[in-house]
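# Coordinates in review
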Amino acid sequence: DKLHQFLHALPKCEHHVHIEGTISPELLFRLASKNEISLPSDDPAFESPTTLLTRYQNFSSLDDFLHYYFIGFSVLLGASDFEALTYDYISLAYAQKVYHAEIFFDPQAHISRGVPYHTVIAGMNAAKDRAAVDFPKLSVEFIPCLLRHLPVPSAHGLLTELLESGHFFDGTLVGFGMSSTELGKHPSLYKSVYEVAQSAGIANLTAHYGEEGPSDYVKDALSILGVGRIDHGRRSVEDAELITQLAESNTMLTLCPISNVVLKGVDNMHDLPIRKFLDADVRFSINSDDPAYFGGYILENYCAVQEAFELTVDDWGKIARGAIAGSWCSSLRKEQLL
Ligand code: ADE
Ligand code: ZN
C-alpha cells in the first residue's frame, strides 16, 4: 500500500547492525562446508539451514540468541568470507534505501579463534571499496565492539591493538562500542577501557544498554563512560529524568524493534516506547541489529513500527532527520543525506 511505498522510498540511515548477525543459515552452512568447520553435533538445530532457522524463531532471551550468534562466527575464516558477508549486507540494505550504514563487528570473537583483526577488517574494507563503486550514493562506516562476556583485560587488549593499527584516525573505524550480554555488566566495569578510548582521542563512543538491563545502566553509561549514543536504550523510558536528559542532550538511541520482540524484551511491538520517545523529542533511529537471526532487515523494522503505531508522515520525517543528525559522518555528508 501507499505507506509501505513511502517507507520503502524514505532514505534511511542504519546505525545498529552487527555484520556477524547478517549471516543467513544458508551461508552459515555453505561456509562451514567450504572451510571444513564442524557445527555442533549435539544440537539438533544444526541439522540443516531449515532447522536452524526454526530454532531462531524460538529465542528465549538475549543470552539464548548470543549462544547461536557466536557459534555462527566459527565459519568465518578468510578475508573473502568477511568481504562476501559485508557486501551482501550492503547490497540488501541499499535495496531498502539505506544511504548511510554504520556497521558493528566483534573483533575479540574472531581474534580468539585465531582470525586476526587485520583479516577481518581487510575483508570488510574490500566490500566497502566495491560498494563505493557499485552504490555511489551510499556511505559505510565500521564500529568495533568490545564483548562484555569476556574479561575486562581482553577488552583492554583489543583497544590497544585497535589503537596501534591507527584505524581510528585514518577513517577505517568511525567509533568504538560494546555489546554482548548486559545483565550484571554495569558500565562501571568498563570505565577504565572508555577512559583509554577517550584520552586516545576516539571521538565517537557508544554502548549497548537498556536492551534487557534497567534504565540506570543507560544513565550510568552516559555519565561514567561518556558515550554520545546508546544502542537500544529501550528501557530509558522507565526514568522520566533520563528521558529529559536524552532529549536535551540530543543523545540518539539506536532502537531495534523486531530484535526486542524476538528476544522477548517486550511481549509485542505495541509495548515499545516509540510514541513516548517521539512525544518527548528523544532522538532515535530504527535498525535491524541481527537481521538474519531476527527475520527482518531495516525496512521490515520500519513497517513493523508503522503497523503498531500508525505514525504520520511528519513523525517519519522527524525520525529520518533525527537519524541523519545523529549519524557519525561529516556535516557535508549530513547535508547530502537531508
Ligand atoms: N550482539 C549482537 N546483537 C546483540 C544485541 N542485540 N545485544 C547485545 N549484543 C549483541
Ligand atoms: Zn546490537
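Structure shown above.
The structure contained in this document is the topic of the report that follows. Since this is a predicted model, take the numbers as computed values, not measurements. The residue count restarts for each chain, going from 1 along the sequence in the order it is written. Chain letters and ligand numbers both follow the written order, the letters beginning at A and the numbers at 1. For a predicted model such as this one, the threshold for reporting local features is a pLDDT of at least 70, and the threshold for listing and counting side-chain atom pairs is 80 or more; totals across whole chains, interfaces and linings nevertheless cover every residue. Excluded from the side-chain calculations are hydrogens and water; all other atoms, namely the structure's heavy atoms, are used.

## Observations regarding the packing of aromatic side chains
- Ring pairs are drawn from Phe, Tyr and Trp, using the six-membered ring of Trp, whenever the two centres fall within 6.5 Å, and their geometry is named by plane angle: stacked under 30 degrees, edge-to-face over 60, tilted for the rest. All chains considered together, the criterion is met by 23 aromatic pairs.
- Taken together, a centroid distance of 6.1 Å and an interplanar angle of 70° make the contact between Tyr69 and Tyr293 edge-to-face. Here Tyr69, found in helix α4 (residues 62-73), pairs with Tyr293, found in helix α14 (residues 291-294); they are 224 residues apart in sequence, far enough to count as distant. Here Tyr69 matches Tyr293 in class, with each residue buried.
- Ring plane angle 15° and centroid distance 5.1 Å describe the contact between Tyr302 and Trp316, whose orientation is recorded as stacked. Of this pair, Tyr302 sits in helix α15 (residues 298-309) while Trp316 sits in helix α16 (residues 313-325), placing them 14 residues apart in sequence.
- The buried label applies to any residue whose accessible area, calculated with a 1.4 Å probe on protein chains only, is under 20% of its type's maximum; exposed applies above 50%, and partly exposed to all values in between. Look at Tyr302 and you get buried, because its relative accessible area is 2%.
- Since its relative accessible area comes to 0%, Trp316 is described here as buried.
- Following the ring pairs from residue to residue traces out a cluster consisting of Phe46, Tyr56, Phe59, Phe65, Tyr68, Tyr69, Phe70, Phe73, Tyr293 and Phe294. Numbered from the N terminus, helices here are DSSP runs of H or I no shorter than four residues, and strands are runs of E no shorter than two.

## Observations concerning unusual backbone geometry
- Although it is not a glycine, Glu36 sits at a positive phi angle of roughly 55°.
- Note that Glu36 resides in the loop between α2 (25-34) and α3 (49-56).
- One non-glycine residue, Lys97, adopts positive backbone phi at about 65°.
- Of note, Lys97 is situated in the loop between α5 (79-95) and β2 (98-105).

## Focus: the coordination of the zinc ion (ligand 2)
- The protein atoms donating to the zinc ion (ligand 2) are His16 (NE2), His18 (NE2), His208 (NE2) and Asp289 (OD), with metal-donor distances spanning 2.0 to 2.3 Å.
- Around the zinc ion (ligand 2), the 4 donor atoms sit at angles spanning 86 to 174°, and that spread fits a shape best called irregular.
- In primary sequence terms, the donor set of the zinc ion (ligand 2) follows H-x1-H-x189-H-x80-D. Of the two residues, His208 is situated in strand β5 (residues 206-209) and Asp289 in the loop between β8 (284-286) and α14; the sequence distance between them amounts to 81 residues.
- Looking at Asp289, the relative accessible area reads 3%, which means it is buried. Counted as coordinating are nitrogen, oxygen and sulfur atoms within 2.8 Å of the metal, or 3.2 Å for Na, K and Ca, while water is not included, which may make sites look incomplete. Four donors are marked tetrahedral only if all angles between them lie between 85 and 135 degrees, whereas four are marked square planar and six octahedral if opposite donors are more than 155 degrees apart and the other angles lie between 65 and 115; the remainder are marked irregular.

## A closer look at the site of ligand 1
- Residues in contact with ligand 1, as listed here, are His18, Leu62, Phe65, Leu66, Tyr69, Ser179, Ser180, His208, Glu211, His232, Asp289 and Asp290.
- Pairs of N or O atoms are called polar contacts if they sit within 3.5 Å, as long as, within protein, a hydrogen donor faces a hydrogen acceptor (for residues adjacent in sequence, only side-chain-to-side-chain pairs). Taking Ser180, its main chain carries an N or O atom lying 2.8 Å from a nitrogen atom of ligand 1.
- For the shell around ligand 1, the leading source of residues is α4, giving 4 residues.
- Any residue outside Ala, Val, Leu, Ile, Met, Phe, Trp, Tyr, Cys, Pro, Asp, Glu, Lys and Arg is labelled polar, Gly included; the first ten of those are nonpolar and the last four are charged. For the shell around ligand 1, a count of residues per class yields 4 nonpolar, 5 polar and 3 charged. Throughout, the term near means that a residue has one or more heavy atoms lying within 4 Å of the molecule or strand in question.

## Quick look at the side chain of Asn260
- When you line up the elements, Asn260 lands in helix α12 (residues 257-262).
- Whether two residues are in contact is decided by their heavy atoms: any pair within 4.5 Å suffices. When residues no more than four places from it in sequence are discounted, the contact partners of Asn260 are Glu211, His232, Arg234, Gly265, Val266 and Leu272.

## Regarding the sheet that holds β8
- The sheet built from 4 strands is open, its strands ordered β5-β6-β7-β8 with parallel pairing. Of all the strands in the sheet, the pair left with one neighbour each is β5 and β8. Pairwise comparison of adjacent strand axes, ignoring direction, gives a mean angle of 25° for this sheet.
- For two strands to count as paired, DSSP must find a minimum of two bridges between them. Both β5 and strand β6 (residues 229-232) contribute to a ladder of 4 bridges, which runs parallel. Residue Tyr209 lies in a different strand from β6, and its bridge partner there is His232.
- Strand contacts of helix α10 (residues 215-225): β5 and β6, with the helix running at about 160° to β5, the strand carrying the most contacts.
- Only the stretch in contact is used when a helix axis is fitted, and all axes are lines through C-alpha atoms; the angle between N-to-C directions ranges over 0 to 180 degrees. Packed on one face of the sheet, α16 meets β7 (252-255) and β8 and runs near 100° to β8.

## Digging into the nonpolar core
- In terms of nonpolar packing, the biggest core is built from 106 residues, with Ile103, Phe176, Tyr194 and Tyr293 touching the most fellow members.
- For this core, the element with the highest residue contribution is α15, accounting for 8 residues.
- Residue contacts for Tyr194: discarding those within four places in its chain leaves Leu146, Phe176, Gly177, Met178, Leu205, Thr206, Ala207, Leu225 and Val227.
- Buried Ala, Val, Leu, Ile, Met, Phe, Trp, Tyr and Cys residues that are joined via side-chain atoms within 4.5 Å together make up what is termed a nonpolar core. In terms of nonpolar packing, the next biggest core, distinct from the first, is built from 6 residues, Cys13, Tyr99, Ile324 and Leu337 among them.

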